[in-house]
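Chain residues, written in single-letter form:
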Amino acid sequence: MSDYKLTPCEKYQAEGREWDRLVVKRKDTTGEETVIGHTQVRKDGVEKVTGTAVYGADINFPGQLYGVCARSPHAHARILSINTDKAKALPGVVTVITGADYPEPYGQFIADQPIIALDKVRYQGEPVAAIAAETEEIARAAAELVEVEYELLPVVNDLEESMKNETLIHEDWSKYECSSACFPVQGTNIGDHFHLCKGDVEKGFEEADLIVESEFRCGQLQHTLIETHTATAAANPYTKELQVWTPNQSPFSIRALMGKIYGVSNEKVRLTMTHIGGGFGGKYEAKCEPIALALSLKCGGRHVKLTYDRHEEFSATVCRSTVQYYMKTGVKKDGTIVANQIKGYWDAGAYVTTNPRVDYNAGFAANGPYEVPNVKIDTYVYMTNRTLGTAYRGFGVTEASTLHEHQMDIIARKLDMDPLELRLKNCLHDGSIGVTGEIISTCAVDECLRAAAANIGWDKLPKRWVDEEGNLCGKGIACFNKLTGTPSTTSCIVKMNENGSIYILSASREMGQGVTTTMPQFAAESLKIDLDKVSVSPVDTHQTPYDKTTTSSRSTFHSGNAILQACEDIKKQLCHLAAIKWKCADEDVVYTAEGNIQHKTDADKCININNVGKSGIMHEQDPVIAIGRYGTSDIFDAPPVDGRQSKRPTVMWMIGAQAAIVKVNPVTGRVKVTKIGAAHDIGKAINPTGCLQQIEGSVVMGLGHAIMEEMIYEDGNLRNGNMVDYKVPTFMDSDIEIKSTLVENGHPEGPFGVKGIGEPGLVPTAACIANAICHACNTDFKSLPIKPEHILFREEAND
C-alpha cells in the first residue's frame, strides 16, 4: 500500500457525469487556485460548434491548382517505366511529376521513403506520379492516364513472411541516412531493435515456483480521422521560399524536414497551421506536404491543394502497426513476480517512419507498472508490404498494456488469485525500483487500481456470471505506466496588449485535448487576470516560438511550465512600469498573490491586473512581452542502447487503471460493454471536465480496438479500406456507464503538479475489456479485436 495519507474523495455530479477527485498529494503552491482545478468553457468551443473554425480542407486561394496522386495497384513491384504523356496532354493539366523529379528520400528516423516511388513500389497505393490541374476532376482523370510498367515482386504480406527474410523490402539499409535512435539490421527486414535488460532473467526463472508463458497479437488499425490528410502549398521556385497550410501535429519538425528535402534553410520554410480535424498521431508525420510543395515548385509557385479521399486515407497514409508479443513470467506461489521476458515484433509496413519511437515507448512499458527484479525485453520492427505504421495515441503503450495485463490475468487464474489482488501485490510504489533501475516517485498505481475497481463494484461481483437474459458476464481490470518523450523543449511568448489583455504565442497544437484552454488557465492563475482576457494565437512557424511536437501527452506539462516562467517576467515588467508612473524605485513595488501591483508603503498606489489597460502605465513605455522556456535535457539520463538502464529516462510517468463489466450473447457472439470504471493519476486536474472528456472519448475509442477494428490484408491488398467494411464505434455504441476518478498525485516538476491525460485515457481500455470478455467466456483469447466468430468457436481455458 502507498504511504500517502488519502484525503476524502470529493464527489461530483455534473453534466450527467458521475466522477470523483482523489487527492493523494498536492504540489505546494502559494494561495488558493481560482482558475486552475475548476472547469472552464473551452476557448475553441464556439468556433467549432458554429462551423467557423478553419480546417485544412477549408483553405482555398484564387487561381489555385488541385493535386492528385496516381497510385500503384500493386503491393510490391519494380517500376520498369512510367509514361506521363497522355496525362500531360489532358486539357487543364499544368504539370505531372514522378519520383525522378524529386529523388531526395525522407523519414522521421531513417530517410528510406521517397516523396514519390522511384525504383519500386512497396505498398498498394504508393504514389507513382502526382498531377496538378485546374480542377480536382481533371487531376483525377489525368491520374488514370499515367501508364506504368511493373515487374511484380513477391509480396511480404505479414510478420511471419517478413521474419523469414527471403524477400527484402529494403535491400540495403546502409544507403539511407539514419538517426542515432534507429537500429536497422543489414540484410534483413528488421528496421529497428529495442533491448532492455534488468537483473538476471534466467536466474529469476530458476527461483520461480511457476513459469507462465503466453502470446498476444494486436491488429492493424486505421486512425479514421474525421478530416483526411490535406495540405495547400505555395513554393516560389526563384527565391525558394516555401509555405504550407496544413493541419499537422508537428509544425517545426515538418518545417525542418521540408527544408532538408528541398535544400533550403529553415527561415525560408513557413508552416501555417489550421485546426486539426483529428490527429491521434496520424498527422505527426509528413504526408501531403512534400508532394504539394513539389507540385507548386513545378507550377511556378501557384498554390496547389492536395486532399486525400477516404480510400486514400486507408491505403496511402498511415495506421497503427500490428504487433505480435510473447511473454514469459516467473512467479512465486504467493504471487510475487520474480522475472519477465518479453519478445515483440512490430509490422511497420513498407517504410520505417516513426516505428522506432513506438518500439522505444512500448519497450519501456512492456513490463507494466510492476516491480520485477529481473526483466529482459527485446522488440523488433519488421517491414512488410502494407500501409505504413506510425504513432497512434499512446505510441505502442496501449498494445504493451494489453500484453502484460493479459499475462497478469493468466497468472492470477493459475494461482487461483483475484486479479486485482495480484496487481496490488506487485505494483510500483514510491521508492520502488523501476524497469530501468530508476527509483520511482509520485506513483499512484495502487490508488488508481483500487479506485477503478471500486467504480464498477469489483468486490461485490464474481469473476463471471450469467444474467437473467442468459448473457455471459464478466469483469476485467488493467493498469499501465507510460513515459513521455524526453528530452524535449518548449517555448512560448506571453505579451500584454495595449488594453491589458494577454496573448500567448505557442506552437502546442489543439487537437481536442484542450490545450488552447489550459494554457490561458496557467496565465490567468499566475497573473490573477480574468480568464476571458487571455487568448492563444494561431500556430505559424514564422511567428510562434519553437515547440518540439504535440505528441506524447507532453503539451500541458511543458507549455504550462514555459507560460508560468514567462508570467513571472510579466509581473516584474508591470511592477517596473508602475514604478515609473509612481516615480519610485522598482523594489518599492510588489506583485501580490491577489493580482495587484502594489506600492509597499502607499496603499493608495495599487493597480489590479484587470485594470492595467486603463491605468496608463503602459502608455509610451516599453512593450510588456516575455519569453518562457522549458526543457528536460538537464534531468534526462539517456538510457544506453545496451540494456536501457537509466536513473531518469523520462521527466514523468503517466499512470492509470480501468475496469470493465461486459455481457456476451452466447448465441450471436456479440459483446456489450455495460460499465467502465476509470482512475487516472493526472497530477492535477487543470480543467476537470476536459480530463473527463479525454477519458470518456478514450473509452469509446478503446471499445473499437477491443471488439471491432482491424485492417484486413490479402496478398498485400487491403480488403476493407472504407468506412463500410472497416467498423468503428458510433454514437449508438457509446451508451456505456462510465465512472471516473481523477487521482491527483502532484508531480514536483509539473505546473501546479500536472501530468498528462491525452493518451493515457486510452491505454488500459482495450486491455480491461479483453480481460472481462476472457472471464465471461472462460477463454484465453490471444488477439484483438475479439470478434463474434472468435467467441462462437472458442475453447474454454483449462489449467
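What you see is a predicted model, and the numbers here were worked out from it, not measured in a lab. (Residues numbered from 1 in each chain as written. Predicted model: local features only at pLDDT ≥ 70, side-chain atom pairs only at ≥ 80, totals over all residues. Heavy atoms only, no water.)

**A few points about the nonpolar core**
- Within the largest apolar cluster, 104 residues are counted, with the highest numbers of intra-cluster contacts made by Leu449, Val662, Ile676, Ile769 and Ile773.
- Among the elements that line this core, the one with the most residues is helix 17 (residues 765–777), at 10 residues.
- Counting contributing residues per domain, this core is built from domain 1 (57–155 + 228–315) and domain 2 (319–486 + 638–792), each supplying no fewer than three.
- Among the nonpolar cores identified, the runner-up in size contains 48 residues, and Val494, Leu564, Val612 and Met654 belong to it. (Core = buried A, V, L, I, M, F, W, Y, C linked by side-chain atoms within 4.5 Å. Buried < 20%, exposed > 50% of the residue type's maximum accessible area, 1.4 Å probe, protein only. Helix = DSSP H or I, 4+ residues; strand = E, 2+ residues; numbered from the N terminus. Domains from an automatic or database assignment.)

**Quick look at the sheet that holds strand 12 (residues 230–235)**
- Across the sheet, 7 strands lie side by side as 5-7-3-15-12-13-14; this open sheet has mixed pairing. Looking at strand neighbours, the two that pair on one side only are strand 5 (93–97) and strand 14 (269–273), the edges of this open sheet. Averaged over all adjacent pairs, the angle separating strand axes in this sheet is 25°, with direction ignored.
- Examined bridge by bridge, strand 5 and strand 7 (residues 127–133) share 4 bridges and lie antiparallel to one another. Considered in strand 7, the bridge of Ile97 is made with Ala130.
- Contacts between helix 3 (residues 136–144) and the sheet are confined to strand 3 (65–71), strand 5, strand 7 and strand 15 (304–307), with strand 3 contributing the most and set at about 25° to the helix.
- Contacts from helix 6 (residues 251–262) reach strand 13 (242–246) and strand 14 within the one sheet, and its direction differs from that of strand 14 by about 145°. (Pairing = 2+ DSSP bridges. Axes fitted to C-alpha atoms, helices over the stretch in contact; angles between N-to-C directions. Contact = heavy atoms within 4.5 Å.)

**Some thoughts on the domain arrangement of the protein chain**
- Here the protein chain is described as being made up of domain 1 (57–155 + 228–315), domain 2 (319–486 + 638–792) and domain 3 (488–631).
- Counting residues at the interface gives 25 residues for domain 1, matched by 28 residues for domain 2.
- Taking both sides of the interface into account, the surface hidden between domain 1 and domain 2 amounts to around 2,100 Å²; carbon and sulfur atoms contribute 62%.
- When the buried area of domain 1 at its contact with domain 2 is split by residue, Phe109, Phe280 and Phe314 rank highest and sum to 32% of it. (Buried area = accessible area lost by both parts, 1.4 Å probe.)

**Here we look at the sheet that holds strand 19 (residues 375–382)**
- Spatially, 9-19-18-17-10-35 is the arrangement adopted by the 6 strands of the open sheet, whose pairing is mixed. Either end of the sheet is taken by a strand with one partner, and the two such strands are strand 9 (190–198) and strand 35 (783–784).

**Some points on the packing of helix 11 (residues 419–426) against helix 12 (residues 445–455)**
- It is the contact of helix 11 with helix 12, at a shortest axis distance of 9 Å, that shows an interaxial angle of 165°. Classified by the interaxial angle, the pair formed by helix 11 and helix 12 is roughly antiparallel. Here helix 11 runs over helix 12; the crossing is left-handed. Within the contact between the two elements, helix 11 uses Leu420, Arg423 and Leu424 and helix 12 uses Asp446, Leu449, Arg450 and Ala453.
- Class assignment for the residues of the contact of helix 11 with helix 12 results in 4 nonpolar, no polar and 3 charged. (Parallel < 35°, antiparallel > 145°, perpendicular 65-115°, else oblique. Left-handed = near helix turned anticlockwise from the far one by under 90°. Nonpolar A, V, L, I, M, F, W, Y, C, P; charged D, E, K, R; others polar.)

**A closer look at helix 12**
- Among the 11 residues in helix 12, 9 count as buried, and that is most of the element.
- Those residues of helix 12 that sit buried are Val445, Asp446, Glu447, Cys448, Leu449, Ala451, Ala452, Ala453 and Asn455.
- Backbone geometry just after helix 12 places Gly457 at a positive phi near 70°.

**Details of the side chain of Thr379**
- Mapped onto the elements, Thr379 comes out in strand 19.
- With relative accessibility at 2%, the residue Thr379 sits in the buried group.
- Among the polar contacts listed, one links the side chain of Thr379 to the side chain of Asp359, at a separation of 2.5 Å. (Polar contact = N/O pair within 3.5 Å; in protein donor to acceptor, adjacent residues only side chain to side chain.)

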